[in-house]
Each structure stands twice: as structure tokens, then as C-alpha cells.
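Overview (structure and organization)
Listed below, chain by chain, are the residues.
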Amino acid sequence: MFPNSSNLGRPPFPPKYQQQSTFFTKLPLNMPPTLMCHQQIVVPPFHLHSAVLSRALLSGNVETTPATTPAVALQPVTYGSVSPVSTPDALTSFQGRKRQSQQSVPDDAKRQRIHSHDSDTAVVNQAVPLPKERRRSFPASVSVQSPVVHASGSPGLIGCVPPLQDTLFPDPTETRLPVAKDELSKQILELFQACRQQAIDLDRKELCRTELQREIQLIFPHSRLFLVGSSLNGFGTRTSDGDLCLVIKEEPVNQKTEARRILSLVQKLFSTKLSSYIERPQLIRAKVPIVKFRDKVSNVDFDLNVNNVIGIRNTFLLRSYAFIENRVRPLVLVIKKWASFRKINDASRGTLSSYSLVLMVLHYLQTLPEPILPSLQKNYPECFDPTMQLHFVHQAPRTIPPYISKNGSSLGDLLIGFFKYYATEFDWSHQMISVREAKAIARPDGIEWRNKFICVEEPFDGTNTARAVHEKQKFDMITDELVQAWQLLREKKDLNCILPLKAVKQKR
């Protein structure tokens, strides 16, 4: 998630920026040469045992540990190490000396091995073994935390990352999967367990992010590339795309002009120098422009934006909601799968984005007579301060305790209730969904909300995340699907009546 840097100890931006802001400059005194990446995010429960990797890592006398996970079919493509791309058209304001290709590796690297009886865990600094051919795909000069290596009889991690001292939630028992007693709840839980993102899926995305950051820093030496969205917020599936945020500088970037110019350079890089493993790079000129592309090595589709830092902040807000109550993730996943199957989960086609769907689920759980979720921004404002430096966004929510609700509704009852709420109770014409306020509020009178059929407030910047739904036909299609799903589930209480479970599980 958080980019690696061989320059820590120096701020990632030129001195003129240091004098204007503390955006990226105030780092913890004990911050190591490698910043937080996805392996440092904790999903308890776990038990830690420490070990030290020998200096053989530096000398190159390391032996790859055999993969212990099921083999994954990958294309015979590797991330290549080639000479820097020429950038005569690069933006003058961003040019600078090229980053040294050889990143420093600390003498000693610590690792933690995790043993847990709960299958629903991600761990601190746990390396996810990959097939042998995948572990050889990175140039030796890149510092990669993911692969497991073997030196002097001890597995370990390349690089040095500090262990988090605390779990994301103090009581690990609260993050276990809910108990399902009725048939509908069992179906929801089984679908969740079959389709939720696995550690190896996240590992592939992180490896691609690391390699792309290395290449992009040859053009923009002080940039950082962040993995955001469903890959990290707890709501990802085996087939989720990857979302990347390229932070070029601390000041806001004009999305209509400057961001497009930067992305044009990135697209050129992808289509020339990196064409051996990046395919179909396409610049999409939306309100927030992106470059869409596919990584041939991981077989993952990615969207890359420039300086849309709200995505970094809301990733960890949603992640906090995902893990403070153990019914949230299964419910979100099944609703996302349903919306995708019913073809109402595509903002580019005028329907709902996955982000809007997640906010709709959270809002529903906040507004029950006995709420299942609170407003985290109200209860813990210091953890979700919109001015917080990006380096600390991932750390702030780690002390938030589980939310203990008196509402004991099953997953099945909650799913039926979700459809009923939006089919019969929510006032689409006059109300706006607000997770920040934990309630439905009156629509604002601004231009952002006019002529929009669905209004979902972005928790940090207050924009409408459902602005893509601007056609009456698409709105009617969405509400018709909500009504139909409610009626079918209420009558049959069988998830197959709205979603072909066998086919969905196979696709994942």
C-alpha cells in the first residue's frame, strides 16, 4: 500500500516544498527505509514469533523457499529491467535527477511468522509464497517484501519493516466470521468465503505496484504510487481490479489539465518501455482521469489516477468499517456480486460504482432501529482527519475497538432488510445517503446534486459518488432490481433466486 523509498530520512519532495508544508516531511523517528506496504496491515487474530534474517540476504546467498500455496497459472511474462525511458516531453516542473536504481537493504531484516486457527486472517509482515516462476519475475535491484526466501535455515523477508505492536482491533475474537444458522445466512457466508480476496491476490497487486513505482520514479523521482480501493479496504474479491494513486507532489493537481499531461507520459511509458508486461494502456478523460491497463504477469486490470488522495483516505475509513463488525464484509460482498450480476454495478455505464454500493450498505447498517455501525468520523475524528499526512493515514485507525451492537440480526435478515430499505423506505427524491452523519440527510442545493437521481455523499470531500446515475432509465433499472430482489428474497429466502451461486463461485 505505502510505497518503498530508499530516500527516507530525506523528504520525498524538493526542498522548496519542505518550506511550504509538512505533507510528507514529518516522519516517525524510527521509520525504516521501507514504508508500510500491504503486509503491514493487520487483520487479527494472530500470534507472533520473531526471527532474524542473516546477512546472507545482502551477499546474495539466499535460497528460494518452495511455494506452499496452490499453483497459479501465470503467463510466461516477467517484469524486465531495462534502461530508463527518454522523457523529452516531461513536465519541466517535475524533472529532476533520476532515482538510484540500487535501493539500500538493511543489514538485518526481521520477520514474523503467524500461526492462527482462524482462516480469516491477514498478518503483519507475512510473506505470501508464490509459484517459483513468479518469485523470479522481479529484477534483483528492486526491494520486494512479498517473496519468501531462505537463508541459513530461516525464512524471512527482503527489506526491513517494523512490526506493528498492536493489532487493528484489541479483541481478536470480535473479527471472526459470524455464525450462520438459517439457510440464507449460510449461503451468504459460503459465498463470502469462496469469493473474498486472498492474501496471494493482494500480493500480486503489490508486486506490480512496486515494479511500476520503480519505473515511474525514473520520470518523476519524488513520486509515490499507492495501492488503494477494494484491494485494501476489506471488500475485495478474487477478481477485483487494482486501483493505484500516483502522488506526484504535495499540492493539488488540476485534473483537467495537469493530471492528463502526467497520465499521458505514464501511458507512453506503459506502451513503449513496459509493453512486455503492460497491455492495453488507455487514457480515460473522466472528471478524475485515469490510465486503464492490464498487467500480464498478475493478470490483473488496474486503474491509475494522479493525486486523487481522497482515495487513500477513504480506503482506510472503509477498512475500519469492514472490521469493526463481522457481518459487514459478507453483506457487502454478496450485494456487490448481486449488483454486478444484475448489471447495475458500472459507473461508466451510468449505474452504481462499487464504492457507492459499499456506502449504501454502511448507511443501511447505521440507520437500523438498533444500529450495527456507528459514524466512525464522529466517534473518532482524530483518526480520520482529512488534513492528516498521508504517511500516517494507515496507522490512525489501528486502536479503534470493535463495535458491539445489540442488534443480533442474521446475515439473511440483514440482506432482506437492505433491499426493503432501498425499495420501500428511502426517499430518493429528497434524501442523501451520508455515512459521515450516519443518517439520511436532506439533499444540498448545489450543482453537484441537481438532476441526479441518486445522491451518496463522499465521506471526506462531500461530493456525490453516485453522480454517474444521471439518466432516468438507469435509475429506474436500479430501483426495479432492488424491489425485485426484496420481493424474491422475502418470499423464498434462497440466495439462488437473485444470484446463481454456483456460477458466481466458479467465477469468483
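Residues numbered from 1 in each chain as written. Predicted model: local features only at pLDDT ≥ 70, side-chain atom pairs only at ≥ 80, totals over all residues. Heavy atoms only, no water.

The next thing to look at is the overall build of the protein chain. Helix and strand counts for the protein chain come out as 13 helices and twelve strands. Scored against the burial criterion, the 508 residues of the protein chain give a buried share of 56%. The contacts of the protein chain with a sequence gap of at least 6 include a subset with a gap of at least 24, amounting to 74%. Within the structure as shown, the protein chain displays about 22,000 Å² of accessible surface, and the carbon and sulfur contribution to it stands at 50%. (Helix = DSSP H or I, 4+ residues; strand = E, 2+ residues; numbered from the N terminus. Buried < 20%, exposed > 50% of the residue type's maximum accessible area, 1.4 Å probe, protein only. Contact = heavy atoms within 4.5 Å. Areas by Shrake-Rupley, 256 points an atom, 1.4 Å probe, with all protein chains shown as cover.)

Taken as a whole, this structure holds 14 aromatic pairs when the rule is applied. Judged by centre distance (6.0 Å) and plane angle (55 degrees), the rings of Y421 and F426 are tilted. Using a relative accessible area of 11% as the deciding quantity, one classes Y421 as buried. The exposure class assigned to F426 is buried, which follows from its relative accessible area of 7%. Of the aromatic side chains, those joined through ring pairs into one cluster are W338, Y364, F418, F419, Y421, Y422, F426, W428, F453 and F475. For R490, the ring lying beneath its charged end belongs to W486, and the centroid distance is 4.2 Å. (Phe/Tyr/Trp six-rings, centres within 6.5 Å; stacked < 30°, edge-to-face > 60°. Lys NZ or Arg CZ within 6 Å of the ring centre and 35° of its normal.)

With that settled, the discussion passes to the pairing of strand β10 (residues 300–306). A large share of β10 lies buried, amounting to six of its seven residues. Direction of pairing for strand β7 (residues 242–247) relative to β10: parallel, over a ladder of five bridges. Along β10, the bridge assignment pairs G242 with F302. Relative to β10, strand β9 (residues 290–295) runs antiparallel, the two being bridged by five bridges. Counterpart to R294 in the pairing with β10 is D301. (Pairing = 2+ DSSP bridges.)

Glancing now at the nonpolar core. Residues L365, F419 and Y422 are the most contacted members of the largest nonpolar core, which totals 80 residues. Sorting elements by how many residues they give to this core places helix α7 (residues 310–324) first, with nine residues. Non-local contacts of Y422, meaning those with residues more than four positions away in its chain, are made with M360, H363, Y364, W428, I433 and L482. Grouped together as the second largest cluster of nonpolar side chains are 32 residues, L212, L244, V291 and F302 included. (Core = buried A, V, L, I, M, F, W, Y, C linked by side-chain atoms within 4.5 Å.)

Of note, R294 is situated in strand β9. Reaching out from R294, the side chain makes a polar contact with the backbone oxygen of N299 at a distance of 3.2 Å. For R294, the side chain forms a polar contact with the side chain of D301, separated by 3.1 Å. For R294, the contacting residues outside a window of four places in its chain are Y277, I278, E279, R280, N299, V300 and D301. (Polar contact = N/O pair within 3.5 Å; in protein donor to acceptor, adjacent residues only side chain to side chain.)

In this section: the pattern of salt bridges. Taken as a whole and judged by the stated rule, the model has 19 salt bridges. Taking the shortest distance from any N to any O, the salt bridge between D201 and R238 comes out at 2.4 Å. With D201 in helix α5 (residues 199–216) and R238 in the loop between β6 (224–228) and β7, the pair connects residues that are 37 residues apart, well separated along the chain. With its nearest N and O atoms 2.9 Å apart, the salt bridge here joins K292 to D303. Residue K292 is found in strand β9, and its partner D303 is found in strand β10; the two are separated by eleven residues along the sequence. Note on D303: relative accessible area 17%, which makes it buried. (Salt bridge = Lys/Arg side-chain N within 4 Å of Asp/Glu carboxyl O.)

Turning our attention to the sheet that holds β7. Reading across the sheet, the five strands line up as β6-β7-β10-β9-β8 and stay open at both edges, with mixed pairing between neighbours. The open sheet terminates on both sides in strands that have one partner only, identified here as β6 and β8 (278–284). Sheet twist, expressed as the average angle between the axes of neighbouring strands with direction ignored, equals 25 degrees. Packing against the sheet, α5 makes contact with β6, β7, β8, β9 and β10, and its axis sits at approximately 160 degrees to β6. Its contacts with the sheet place α7 against β6 and β7, and it is angled at close to 35 degrees to β6. (Axes fitted to C-alpha atoms, helices over the stretch in contact; angles between N-to-C directions.)

Put simply, helix α9 (residues 354–366) and helix α11 (residues 411–425) touch, their axes get as near as 10 Å, and they point 100 degrees apart. Taken together, the axes of α9 and α11 are roughly perpendicular relative to one another. Facing α9, whose interface residues are M360, V361, H363, Y364 and L365, α11 presents D413, L414, G417, F418, Y421 and Y422. Class assignment of the residues belonging to the contact of α9 with α11 gives a composition of eight nonpolar, two polar and one charged. (Parallel < 35°, antiparallel > 145°, perpendicular 65-115°, else oblique. Nonpolar A, V, L, I, M, F, W, Y, C, P; charged D, E, K, R; others polar.)

What follows concerns the packing of helix α4 (residues 183–195) against helix α8 (residues 328–341). Contact pair α4 / α8: the axes reach a minimum separation of 9 Å and the direction vectors enclose 80 degrees. One way to sum up the angle between α4 and α8 is to call them roughly perpendicular. Contacts between α4 and α8 involve I188, L189, L191, F192 and C195 from the former and R329, P330, L333, V334 and K337 from the latter. Here the residues of the contact of α4 with α8 sort into eight nonpolar, no polar and two charged.

Another point: the environment of E215. Inspection of the secondary structure assignment puts E215 in helix α5. For the pair E215 and K273, spaced 58 residues apart in the sequence, the C-alpha separation amounts to 9.3 Å.

Residues three or four positions apart in an α-helix share a direction because the helix packs 3.6 residues into each turn. In a regular helix each residue adds 1.5 Å, so 14 residues correspond to 20 Å; helix α6 (residues 258–271) covers 20 Å between its end C-alpha atoms and thus fits that length. Buried residues along α6 sit in contact with α5, β7, β8, β9 and β10. (Expected span 1.5 Å × (residues − 1).)

On average, residues of the protein chain carry a pLDDT of 75, and 66% of them reach 70 or more. The low-confidence segment residues 4–75, where pLDDT is below 50, has 197 contacts with residues more than four positions distant or belonging to other chains. When the criterion is pLDDT under 50, residues 82–174 qualifies, and its contacts beyond four places in sequence or with other chains add up to 252 contacts. (pLDDT = per-residue confidence, 0-100.)

Another point: the pairing of β8. Bridge count between β8 and β9: five bridges; the pairing is antiparallel. Opposite Q282, over in β9, you have K292 as the bridge partner. Between the end of β8 and the start of β9, which pair antiparallel, lie five residues.

The next point concerns α7. For α7, spanning 15 residues, the distance from its first C-alpha to its last is 22 Å, which sits close to the expected 21 Å at 1.5 Å a residue. Among the 15 residues that make up α7, 15 are buried, leaving the element largely enclosed by the rest of the structure.

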